[in-house]
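Structural overview for review
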Amino acid sequence: MVFIDAIHVKIRDGAVANRPIYVALAVTTEGRREILGVWAGDGGEGAKHWLHILTEIKNRGVSDVLMLVCDGLKGLPEAVETVWPQTIVQTCVVQLLRNSFRYAARQDWDKIAKLLEPVYTAPTEEAALDRFAEFADAWGRKYPAIVKLWENAWEEFTPSLRFDTEIRRIVRTANAIESVNARIRRAVKARGHYPNEQAALKCVYMAILSLDPTGKGQARWTMRWKTALNAFDITFDGRLSAARQ
């Protein structure tokens with residue numbers, strides 16, 4: 001699996017502005033967690049930008065990816081189809097929920113979360129559609145932007161509904177990249193804004209180097225992925241086993 005997420009950093013380029021720095025994290029066939037790279041963007045990245053990045057990753061040896069999890073980044077699904085035609089692009093459920101809350105008043109968050117949970121935990125896509133219709137009936141008038149957000153993300157949200165519960169859990173929690181990003185965000189915020197793009201990238205890079213200095217975290221991580229790796233190998237018809245050979 002490959003997870004791609006953005007960390008927003010304040011960079012002074014004439015005026016201070018929020019700029020995304022994208023982090024690509026992979027879980028290997030042995031269950032190891034590896035950072036594939038970090039790239040700065042301007043927030044308007046399209047298919048050409050992502051095609052360049054994914055081609056770079058492939059040229060460095062990532063020949064196949066079973067599933068790529070992201071937060072609805074524009075142009076990324078098209079680039080994935082070109083570089084890895086068999087890869088499934090999956091919207092991160094955690095990010096989808098967070099983006100939903102941005103359109104809602106704080107006092108409604110718990111109610112919204114309670115009605116959305118049956119959508120992303122539904123046993124089938126048809127059941128998910130029924131539960132989503134119920135959510136739209138309840139909240140569509142007050143928060144039409146949330147309904148539109150889920151409708152726009154539906155094609156990349158539904159693939160996980162076809163999979164084993166272990167794979168669903170990984171997609172739903174996104175712990176793989178959430179824990180890494182939390183550490184990076186703390187390091188970035190501690191230094192305020194940055195004079196240029198290179199300074200911001202250097203800070204992110206140093207935070208990544210300090211993630212697991214003893215290697216014990218990597219060992220625990222690998223053990224936790226054993227069950228999930230078996231589920232992936234069965235679901236994806238042995239592509240995982242073939243990659244290990």
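So, here's what we can say about the structure. (Residues numbered from 1 in each chain as written. Predicted model: local features only at pLDDT ≥ 70, side-chain atom pairs only at ≥ 80, totals over all residues. Heavy atoms only, no water.)

1. Focus: the overall build of the protein chain
Under the convention used in this document: Segments assigned H or I by DSSP are reported as helices when at least four residues long, segments assigned E as strands when at least two residues long, and all are numbered from the N terminus. A radius of gyration in this sense is built from C-alpha atoms; the matching globule rule multiplies 2.2 Å by the number of residues raised to 0.38. The contact rule is simple, with two residues in contact once any of their heavy atoms fall within 4.5 Å. Within this scheme the basic residues Lys and Arg register as positive and the acidic residues Asp and Glu register as negative, but His and the chain ends are omitted. A single reference atom marks each charge: NZ on Lys, CZ on Arg, CG on Asp, CD on Glu.
Secondary structure assignment for the protein chain yields twelve helices and five strands. Here the protein chain has a C-alpha radius of gyration of 19 Å; the compact-globule value for 245 residues is 18 Å, and the two agree. If you line up the protein chain on its principal axes, its C-alpha atoms span 50 × 50 × 35 Å. Within the protein chain, counting contacts between residues at least 6 apart in sequence, those at least 24 apart form 62% of the total. If you average the places of the 34 positive and of the 29 negative side-chain charges in the protein chain, the two averages end up 9 Å apart.

2. Overview of helix H5 (residues 125-139)
Owing to its 3.6 residues per turn, the α-helix brings residues three or four apart onto one side. We apply this condition: Expected span of a helix, by definition, is 1.5 Å for each gap between consecutive residues, and there is one gap fewer than residues.
With 15 residues, H5 extends 21 Å from end C-alpha to end C-alpha; this agrees with the ideal 21 Å at 1.5 Å per step. Elements in contact with the buried residues of H5: helix H4 (109-120) and helix H6 (144-157).

3. Some remarks on the environment of Gln86
Quick note on the threshold: Exposure classes here rest on a 1.4 Å probe applied to the protein chains alone. A residue is buried below 20% of its type maximum, exposed above 50%, and partly exposed in between.
Mapped onto the elements, Gln86 comes out in the loop between helix H2 (76-83) and strand S5 (88-91). Here Gln86 falls in the exposed class, since its relative accessible area comes to 55%. For the pair formed by Gln86 and Leu66, sequence separation is 20 residues and the distance between their alpha carbons is 7.3 Å. Those residues in contact with Gln86, other than ones at most four positions away along the chain, are Leu66 and Arg239.

4. Some words on H2
This is how it is decided: By construction, the arc corresponds to the directions joining the helix axis to the C-beta atoms.
Listing the buried residues of H2 in full gives Leu76, Ala79, Val80 and Val83. An end-on view of H2 places all buried positions within 100 degrees of arc, on one side of the element. Exposed residues on H2 whose side chains face more than 90 degrees from its buried face are Glu81 and Thr82. Elements in contact with the buried residues of H2: strand S1 (2-13), helix H1 (47-59), strand S4 (67-70) and S5.

5. Some thoughts on the nonpolar core
Here is the rule we go by: In this description, a nonpolar core means a group of buried Ala, Val, Leu, Ile, Met, Phe, Trp, Tyr and Cys residues linked to one another through side-chain atoms lying within 4.5 Å.
Formed by 65 residues in total, the largest nonpolar core has its most connected members in Met1, Ile112, Trp150, Phe157, Ile184, Trp225 and Phe232. For this core, the element with the highest residue contribution is H6, accounting for seven residues. Excluding residues that lie within four positions of it along the chain, Trp150 makes contacts with Leu96, Leu97, Ser100, Leu116, Val119, Tyr120, Phe132 and Phe157. Counting residues in each nonpolar core, the second largest holds 22 residues, with Ile4, Ala26, Trp39 and Leu68 among its members.

6. Quick notes on the pairing of strand S3 (residues 33-40)
Heads up, the rule is: Two strands qualify as a pair provided DSSP detects at least 2 bridges between them.
Note: strand S2 (residues 15-27) against S3, seven bridges, orientation antiparallel. Bridging from a neighbouring strand, Tyr22 pairs with Trp39 of S3. Taking the residues between adjacent antiparallel strands as the criterion, S2 and S3 are bridged by five residues, where Gly31 takes a positive phi near 85 degrees.

7. A word on the environment of Val69
Tracing the backbone shows Val69 in strand S4. Val69 sits 23 residues away from Gly46 along the chain, and the two C-alpha atoms are 17 Å apart. For Val69, the contacting residues outside a window of four places in its chain are Met1, Val2, Phe3, Ile4, Gln90, Thr91 and Cys92.

8. Details of the sheet that holds S1
To keep things clear, this is the line we draw: In this description, a line fitted to the C-alpha atoms serves as the axis of each element, helices being fitted only across the stretch in contact, and the angle between N-to-C directions of two axes falls anywhere from 0 to 180 degrees.
One open sheet accounts for five strands, arranged S3-S2-S1-S4-S5; its pairing is mixed. The open sheet has two edge strands, S3 and S5, and neither has a second partner. Strand-to-strand, the axes of this sheet are offset by a mean angle of 25 degrees, without reference to chain direction. In the packing of H2 onto the sheet, contacts are made with S1, S4 and S5, and the angle to S4 comes to roughly 165 degrees.

9. Some points on the packing of aromatic side chains
Threshold: A pair of Phe, Tyr and Trp rings is counted when the ring centres sit within 6.5 Å of each other, with Trp represented by its six-membered ring. The angle between the planes then sorts it: under 30 degrees is stacked, over 60 is edge-to-face, the rest tilted.
This model, assessed by the stated rule, comprises eleven aromatic pairs. The interplanar angle of 75 degrees and the centroid separation of 4.8 Å between the aromatic rings of Tyr22 and Trp50 together place this pair among those described as edge-to-face. Of this pair, Tyr22 sits in strand S2 while Trp50 is found in helix H1, placing the two residues 28 residues apart along the sequence. A centroid spacing of 6.4 Å and a plane angle of 15 degrees characterise the contact between Trp225 and Phe232, whose relative ring orientation is stacked. Here Phe232 falls in the buried class, since its relative accessible area comes to 2%. Among the aromatic residues, those joined into a cluster by ring pairs are Phe132, Phe135, Trp150, Trp154 and Phe157.

10. Details of a nonpolar patch on the surface
Cut-off, in case you're wondering: In this scheme, patches are assembled from residues that exceed 30% relative accessible area and form no salt bridge. Like charges are connected within 9 Å, while nonpolar side chains (Val, Leu, Ile, Met, Phe, Trp, Tyr) are connected within 5 Å. Computed by Shrake-Rupley with a 1.4 Å probe, the accessible areas treat only the displayed protein chains as cover when residues are assessed. What counts as a salt bridge is simple: a side-chain nitrogen of Lys or Arg found within 4 Å of a carboxyl oxygen of Asp or Glu.
On the surface, Tyr205, Met206 and Leu209 cluster together into a nonpolar patch covering about 330 Å² of accessible area. Mapping Met206 onto the fold places it in helix H9 (residues 197-209).

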